[in-house]
Amino acid sequence: MTIHNSFHTASRVASIVFAAFVGLMPLTAGADEIVLSNVSSTGTALMEQVKSGVEVPGEAVFFPASTMQAYKGCTIRTIKVAVCGATDEGRVFVTSDLKGTPLAEQAFTTAGSGWVDVTLDSPYVVDGSAIYVGFEAKGQRFLAYCKRLVADEEWIKCDTLGWKAYDNGSSSAIKAIVDGDNLPRTNVRLGTLRMPAYALRGAQTACEGEFFNLGLDDVTSLTFSYIVDGNVASTETVTMSGVKPRSKGTFTLAGYTLSDEGEYDLQLRISAVNGSPDPIDADNRSATKRAVCRESFVQRKMLLEVFSTELCVNCAGAHVAIAEAMKDCDDYVELCHHAGFYTDGLTIDASKDYEWFYKPSNLFAPALMADRTNFGEEYPDYYNYGVPVIEGSGSRARLFHDVAMKIPALVSVDMNVALDREIRMVSVSVKGNQLLPVEGADMARLYVFLTEDSIFTTTQRGALGDFWHRHAARKSLTPSWGDAIDLQKGYNADYSFVIPEEWNIDKMSAVAFVAKYNPNDKNDCNVLNANSIELSDATSGISLTANDHSGEAPHVIYNLAGMRLKALPKTATPGQRKQLYIIDGKKVLR
């Protein structure tokens, strides 16, 4: 699969292709009908390639009994499917077993690609039991899939293994049209939910999310129940202008309140739609989330890891955008790995090792990780590769900074950095302990890096002339996967390194962070806290008086090329003075 044009990829997945499927347009039911389908009303088609030797490929969607009970006594008379070519041997079916005798079926033929409306000679009367709705079509080279609205279980038959479960982010191009006198008028499904797992005692903790309207009527209000340790603690009703059938709506809630410190099991449930009970309650409940309530929390810093190289045309622009998006944030640490799209002269071994976080055989840049965390449960549209690495941009860096900062410090990361400029020796001491409950605390590792900012180059692809690399990982003072530490007993570690002459000490920082490491699960390696100290701010030895920084400005400036700028020190050498730039009428030193 080729990443879209704003990113570079170093690999391809051969069996999947995207296409603008002619004729794959939205189809809706009539006023007294409901569509049973996973697809949304719009979207570009995805086509799955049928393997050689498969004469009759097919697709099917499973609807559980909890869904079908709401349609008991109604009738499926028409099934709509999309095909990717002519067929003279096709069939649609309703069945309780993909390998068994169908409950209803109908043959069809088509002269070309597009949607096919197939009317059942013997309509299927819904009895409330679970069913599969699907089709098979002889001679198809591809199977059409549409943009997903909801995610019920799906099956595909496109290789010699027969029917197998399918989940590739899109949905089968299948729609069963149901009619009857008792169709559910109000039926919603709870979608993505963002319910913070950390709450201050006595304060409301806001929640937000989405839902899908699968009933006949517009949705104008939803009532939510907050379930704490299995009991309804409170309810909240929100109103909206009217969410149309077969569309997605969003909601923002004032949230839940916990009156005592402790740990709680939280669940959110949609208990009423437009003031009436939902006939399908099974899809109205969130998963249970463990919440921690405290009187106060310790502020933390997020670790933002960016993957880019000089060979990547779009990486230059991404760095500029990230710098602009994050310019007013002082609660994050940036660590740039020159990996993800081949390598360059700034690549170190640890950065290459971290390509493990990507989806296998799908390397690309620019890319980023926020706290090495997969936020796909709350933001599935961004984490469509199922790993912590996502496509990098300024807006995404800022969004997931804000998401990550809703999590307090789970551990402390206290740093002390000493610098002997005369021999260019830096010493880093890091200590800390566990502050809040950490699942998998025994997997905690300490990571310590040296980074360099504003590294000048003229060879960055995509840059118009000069370019300055941001916060590049220069040296990992720990192994790639950190040093094991004991959070409950507390940890204390010391590291030292002689900085090469060609590295600019005044643009360097020491970076430390604590993260879990599960070698069997790249989504179980989240960062618990991070910290950094600029070497120019480090405790120094005898050379301190020769490097007086009292004339520096108290803040840091970046230009639009991502270059970091500082005010000129009083003690600047003649060589340094040649590097002056004018910013807003003031002389500054890069």
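In the block above lies the structure referred to throughout.
So, a few notes on the structure that sits alongside this text. Every residue gets a number counted from 1 within its own chain, in the order that chain's sequence is written. For this predicted model, a pLDDT threshold of at least 70 governs which residues receive local features, and a threshold of 80 or more governs which side-chain atom pairs are given and counted, while totals over whole chains, interfaces and linings are taken from all residues. Think of the side-chain values as coming from all heavy atoms in the structure, minus any hydrogens and water.

This part is about the overall build of the chain. Helix numbers and strand numbers start at the N terminus; a helix is a DSSP run of H or I with at least 4 residues, a strand a run of E with at least 2. A tally of helices and strands in the chain yields five helices and 43 strands. Look at the contacts in the chain between residues 6 or more apart in sequence, and 74% of them connect residues 24 or more apart. Note on areas: Shrake-Rupley with a 1.4 Å probe; residue coverage comes only from the protein chains shown. On the chain, roughly 25,900 Å² of surface is accessible, and the fraction owed to carbon and sulfur atoms is 49%. Contact between two residues is taken to exist if any of their heavy atoms lie within 4.5 Å; hydrogens are not considered.

Let's shift gears to the sheet that holds strand E7 (residues 87-95). For two strands to be treated as a pair, DSSP must find no fewer than two bridges joining them. Read from one edge to the other, the open sheet built from six strands follows the order E8-E7-E10-E5-E12-E13, with strand pairing classed as antiparallel. Each edge of the open sheet carries a strand with a single partner, namely strand E8 (104-110) and strand E13 (164-166). Adjacent strand axes in the sheet meet at a mean angle of 25°, parallel and antiparallel pairs treated alike. Both strand E5 (residues 58-63) and strand E10 (residues 131-137) contribute to a ladder of six bridges, which runs antiparallel. Counterpart to Gly-58 in the pairing with E10 is Glu-136. Fitted lines through C-alpha atoms serve as axes, helices being fitted only where they are in contact, and the angles separating the N-to-C directions of these axes extend from 0 to 180 degrees.

For the rest of this paragraph, the subject is the state of the cysteines. Note on disulfides: each one is a pair of cysteine sulfur atoms within 2.5 Å. For the structure shown, the criterion picks out one disulfide. Here Cys-312 pairs with Cys-315 through a disulfide, and the sulfurs are 2.4 Å apart. On the sign convention where negative is left-handed, the bridge of Cys-312 and Cys-315, at about 90° about the S-S bond, is right-handed. For the pair shown, Cys-312 and Cys-315 are each scored as buried. The closest cysteine sulfur to the non-disulfide-bonded Cys-336 is located on Cys-315, 9.9 Å from its own sulfur. Of the residues examined, Cys-336 reaches a relative accessible area of 0% and is grouped as buried. Exposure classes here rest on a 1.4 Å probe applied to the protein chains alone. A residue is buried below 20% of its type maximum, exposed above 50%, and partly exposed in between.

This part takes up helix H4 (residues 394-404). The set of residues buried in H4 consists of Gly-394, Arg-396, Ala-397, Phe-400, His-401, Val-403 and Ala-404. Here the buried face of H4 lies against strand E24 (302-307), helix H2 (315-325), strand E25 (332-337), strand E27 (367-370) and strand E28 (390-391).

Taken in spatial order, the three strands of this open sheet run E16-E18-E21, and their pairing is antiparallel. Bordering the open sheet on either side are strand E16 (188-194) and strand E21 (247-257), each of which pairs with just one other strand. Put simply, the sheet's adjacent strands are angled 30° from each other on average, direction ignored. As paired strands, strand E18 (residues 204-213) and E21 are joined by nine bridges and run antiparallel to one another. Pairing of Glu-210 across the sheet is with Thr-250, part of E21.

Looking now at the pattern of salt bridges. We count a salt bridge whenever a side-chain nitrogen from Lys or Arg sits within 4 Å of a carboxyl oxygen from Asp or Glu. This structure, assessed with the given rule, holds 31 salt bridges. Among the ionic pairs, Glu-208 bridges to Arg-194, the shortest N-O distance being 2.9 Å. Here the residue Glu-208 occupies a position in strand E18, and Arg-194 occupies one in strand E16, the gap between them amounting to 14 residues. Look at Glu-208 and you get partly exposed, because its relative accessible area is 28%. Connected through shared salt-bridge partners, Arg-91, Glu-105, Glu-136 and Lys-157 make up one network.

The next thing to look at is the pairing of strand E31 (residues 444-452). In terms of burial, E31 is a largely internal element, eight of the nine residues being buried. Sheet topology places E31 next to strand E35 (residues 483-484); two bridges connect them, and they run antiparallel. Residue pairing in the sheet places Leu-446 in a bridge with Asp-483 of E35. Taken together, the four bridges between E31 and strand E34 (residues 472-476) define a ladder with antiparallel strand orientation. Bridging across to E34, Glu-452 finds its partner in Ala-472.

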